[in-house]
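# Examination of the molecular architecture
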Number of protein chains: 2
Amino acid sequence: MAKVAIMGYGTVGSGVYEIIKDNACRVAENAGEMMETKYILDIRDFDDHPEKHLFTKDVNDIINDDEVSVVAEVMGGLHPAYEFTKSLLLAGKSVVTSNKELVATYGTELLAIAEEKNVNYLFEASVGGGIPVIRPLSRCLAANNITRIAGILNGTTNYILYQMFTNNKSFETALSDAQAKGYAERNPAADIEGHDACRKIAILSSLASGVEVDCEKIATEGIVDITLDDVKCAEAAGGVIKLIGYAEFEDGKVYSHVAPMFIKNENMLSGINDVYNGILITGDAVGDVMFYGAGAGKLPTASAVVADMVDSVIHASRRKIIGWKKPEGDVFADAAAKKFRYLMRCELNSTITEPLTMAECDAMKEKLNAKSAIRVLD
Amino acid sequence: MAKVAIMGYGTVGSGVYEIIKDNACRVAENAGEMMETKYILDIRDFDDHPEKHLFTKDVNDIINDDEVSVVAEVMGGLHPAYEFTKSLLLAGKSVVTSNKELVATYGTELLAIAEEKNVNYLFEASVGGGIPVIRPLSRCLAANNITRIAGILNGTTNYILYQMFTNNKSFETALSDAQAKGYAERNPAADIEGHDACRKIAILSSLASGVEVDCEKIATEGIVDITLDDVKCAEAAGGVIKLIGYAEFEDGKVYSHVAPMFIKNENMLSGINDVYNGILITGDAVGDVMFYGAGAGKLPTASAVVADMVDSVIHASRRKIIGWKKPEGDVFADAAAKKFRYLMRCELNSTITEPLTMAECDAMKEKLNAKSAIRVLD
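Quick caveat: nothing in here was measured; it's all calculated off a predicted structure. (Residues numbered from 1 in each chain as written. Chains lettered and ligands numbered in written order. Predicted model: local features only at pLDDT ≥ 70, side-chain atom pairs only at ≥ 80, totals over all residues.)

Here we come to the sheet that holds strand β6 (residues 121–122) of chain B. All names here are of chain B. Taken in spatial order, the 6 strands of this open sheet run β3-β2-β1-β4-β5-β6, and their pairing is parallel. Bordering the open sheet on either side are β3 (55–56) and β6, each of which pairs with just one other strand. Here 2 bridges tie strand β5 (residues 94–97) to β6, and the two strands are oriented parallel to one another. Considered in β6, the bridge of V95 is made with Y121. (Pairing = 2+ DSSP bridges. Helix = DSSP H or I, 4+ residues; strand = E, 2+ residues; numbered from the N terminus.)

Put simply, an interface is often sized by how much accessible area is lost when its parts join up. Contact residues are listed per partner, giving 45 residues for chain B and 45 residues for chain A. Those elements that place two or more of their residues in the side of chain B that touches chain A are α2 (24–31), α6 (134–140), β12 (287–294) and α12 (298–314) of chain B. Take the side of chain B that touches chain A: its biggest share by element is 9 residues, from α12 of chain B. Looking at the side of chain B that touches chain A residue by residue, the class counts come to 25 nonpolar, 12 polar and 8 charged. (Contact = placed C-beta atoms within 7 Å. Nonpolar A, V, L, I, M, F, W, Y, C, P; charged D, E, K, R; others polar.)

So, about the domain arrangement of chain A. All names here are of chain A. Segmentation of chain A into domains returns domain 1 (2–130 + 297–314) and domain 2 (136–294). The gap between the C-alpha centroids of domain 1 and domain 2 is 27 Å. Each side of the interface is counted separately: domain 1 has 13 residues, and domain 2 has 14 residues. For the side of domain 1 that touches domain 2, the element with the most residues is helix α5 (residues 100–117), which contributes 6 residues. Across the side of domain 1 that touches domain 2, the residue classes tally to 4 nonpolar, 7 polar and 2 charged. (Domains from an automatic or database assignment.)

Two chain copies, one operation linking them: a rotation about an axis together with a shift along it. When chain B is brought onto chain A, the operation consists of a screw motion whose angular component is 180° and whose axial shift is 0.0 Å, with 0.0 Å RMSD remaining. A rotation of that kind, with that shift, is consistent with a two-fold axis. In terms of proximity to the rotation axis, the leading residue of chain B is F291 of chain B, whose C-alpha is 2.5 Å off the axis. When the interface residues of chain B are mapped onto chain A, 98% of them again lie at the interface, so the same face is used by both copies. (Least-squares fit on C-alpha atoms with pLDDT ≥ 70 in both.)

We now examine the environment of C140 of chain B. The topology assignment puts C140 of chain B in helix α6. For the pair C140 of chain B and Q179 of chain B, spaced 39 residues apart in sequence, the C-alpha to C-alpha distance is 37 Å. Dropping the residues within four chain positions of it, C140 of chain B is found in contact with E124, P132, R135 and A307 of chain A.

Let us look at the pairing of strand β15 (residues 372–376) of chain A. All names here are of chain A. Note: strand β10 (residues 253–264) against β15, 2 bridges, orientation parallel. Looking at β15, one finds that M261 is bridged to R375. As paired strands, strand β13 (residues 342–345) and β15 are joined by 4 bridges and run antiparallel to one another. Bridge assignment links M344 to a residue of β15, and that residue is A373.

Residue and element names in this part refer to chain A. Pairing in this open sheet of 6 strands is parallel, and the strands run β3-β2-β1-β4-β5-β6 from one edge to the other. The open sheet has two edge strands, β3 (55–56) and β6 (121–122), and neither has a second partner. When strand β1 (residues 2–7) meets strand β2 (residues 35–41), the two strands line up parallel, connected through 6 bridges. When the sheet's bridge partners are listed, K3 is paired in β2 with E36.

Dropping the structure here:
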């Protein structure tokens with residue numbers, strides 16, 4: 001019997017609790033033993049909960065309980081999630097998380113502590129919700145040099161863009177819509193300004209390259225400037241606009257950005273609709289592979305968290321090698337030299353340019369008096 | 001240093017050799033140690049090969065060499081691949097394979113031997129070529145009860161159907177085309193009659209259910225009867241026809257078939273074009289996830305084989321739990337009771353029926369004097 005703890009009883013945390021309970025047989029079959037929740041940490045009271053005796057407000061109850069071997073951190077935010085995770089790893093417990101902000105910010109340090117203590121720090125749920133992508137990237141594609149990642153990593157912005165394209169809604173209306181449906185938060189900045197996607201592409205890039213790719217240094221653009229004129233222009237050019245977390249790997253260097261990109265209808269990513277996520281990974285041997293599914297939501301995300309808990313139970317005595325190190329030098333390629341084709345929207349027509357650097361793009365934009373310039377995903 | 005052997009120096013085998021050589025650093029990083037090919041088994045002579053000293057015609061060289069811990073079986077066919085694999089596992093070596101025929105036919109026995117000897121028998125490359133699907137299904141979705149699998153599992157038939165839809169080619173012309181391009185063999189029966197897809201859905205179903213799903217008992221229909229009239233009819237109904245390996249799981253029972261199915265354009269599987277594969281898996285927690293990529297080809301398939309070799313090196317002392325057992329009773333659900341909607345093509349028009357059993361479908365077909373009836377993937 002593996003005893004586990006859940007930190008944070010919000011949407012994902014309650015999902016984790018339910019899956020461990022409801023899918024107990026499937027979980028036990030895969031873990032090799034039964035799994036039981038011994039603690040749930042939350043600052044709030046849950047007096048009506050059928051297992052209210054599981055709740056605690058003191059993380060030390062978990063840290064000091066030798067019976068607990070695996071902890072799910074699904075609190076979100078940097079603090080106190082960082083301090084709690086660090087203490088738990090130092091106490092020799094495996095921690096699994098859905099907290100992309102924490103993984104993108106403190107992942108390198110936490111992974112090093114996990115390695116030192118020979119425990120697991122796993123984060124499948126931090127990118128793509130329930131879609132398996134972290135493990136496939138690090139294990140199934142282990143024989144490939146990853147050359148490129150292009151992902152629709154944020155469901156909220158994908159929903160907004162999809163509404164703009166399909167129902168001709170303005171950005172503002174589509175955003176209100178998303179908020180009404182619970183897809184976007186009241187303060188939607190993290191989504192619509194691209195920060196959420198940035199954390200996720202930073203995690204994927206770090207995994208693919210084996211060294212930390214600092215999310216603070218990734219040029220990040222959101223979708224707030226996309227207009228219905230851009231939509232029309234993209235449609236006329238035979239494609240759609242998606243917010244893409246993008247990374248290219250060459251000679252040990254990484255080029256990465258988050259930005260709206262123009263995608264031709266032939267590309268599989270163009271068909272990722274609604275709140276779904278899709279991650280296209282290119283390896284030098286395997287070519288293109290894509291992973292698709294619900295990128296968020298209670299049970300999808302929780303199922304990825306529980307899968308990591310299962311893996312931690314299986315690998316209790318032997319760490320899984322998933323992670324990255326601090327780089328020795330600068331990992332970023334020269335962004336000023338990087339070229340993309342651009343979809344340029346002018347007053348009466350639009351054009352797709354030859355590959356241009358950012359400076360060349362600015363010059364061309366001025367020359368054509370273009371209203372917008374959107375990178376093309378080739 | 002991990003010493004490995006490759007059995008079969010055909011398309012996939014030479015790809016395995018090349019990847020181990022060319023991507024040595026990435027492989028070593030992931031395996032935790034360098035990997036080196038010590039033997040290549042093939043009945044043919046390769047006197048011009050730069051490492052011709054690696055070649056042997058006697059499997060006992062590999063079986064009796066204690067230094068070799070992992071062997072890639074990429075010979076294909078049932079015999080002698082079965083006998084060789086069995087001997088290697090019994091000798092305490094891990095075996096990885098791309099041989100779906102062998103896994104679908106003798107997998108249960110070989111997995112049991114691997115378990116007994118505490119070694120690995122891995123087969124990521126047997127389904128979907130380089131697309132990660134076996135490992136995600138068994139590990140990343142470990143917290144889910146899998147409810148359904150629907151996959152485009154055969155690139156050759158997908159190419160043929162895609163040509164029929166996109167270029168209005170007849171089945172015969174599209175098949176000749178596929179043969180000319182090397183996508184179809186001179187004797188294309190295994191592909192166009194659905195047997196290849198059948199083996200793959202049998203493997204996926206066995207993994208998802210945990211018990212052997214016998215490929216001999218899966219009703220299998222190919223694409224030889226699909227006409228350009230069916231293509232027109234499907235287009236008019238807003239979708240396409242794809243050869244689908246299908247399985248549903250309920251109450252410990254499996255329903256499975258291989259057949260051409262009608263898929264609405266909204267479904268992600270409708271966008272899987274050319275020789276690509278796509279596998280849509282539904283879990284009770286995660287909902288729909290899809291895996292997409294090249295389902296065959298030298299380097300994609302070889303990259304999955306090498307990833308399994310890496311995993312075997314990592315798990316040298318501890319087996320990965322991926323597999324299934326012999327079932328205690330009958331695992332198959334009552335196929336006669338299973339209902340699908342059907343796209344019925346009549347002389348002048350077509351219709352999509354209510355859900356019908358096979359017997360009801362036959363009756364309806366007669367009543368409407370329909371020319372064809374194709375199951376709908378809902």
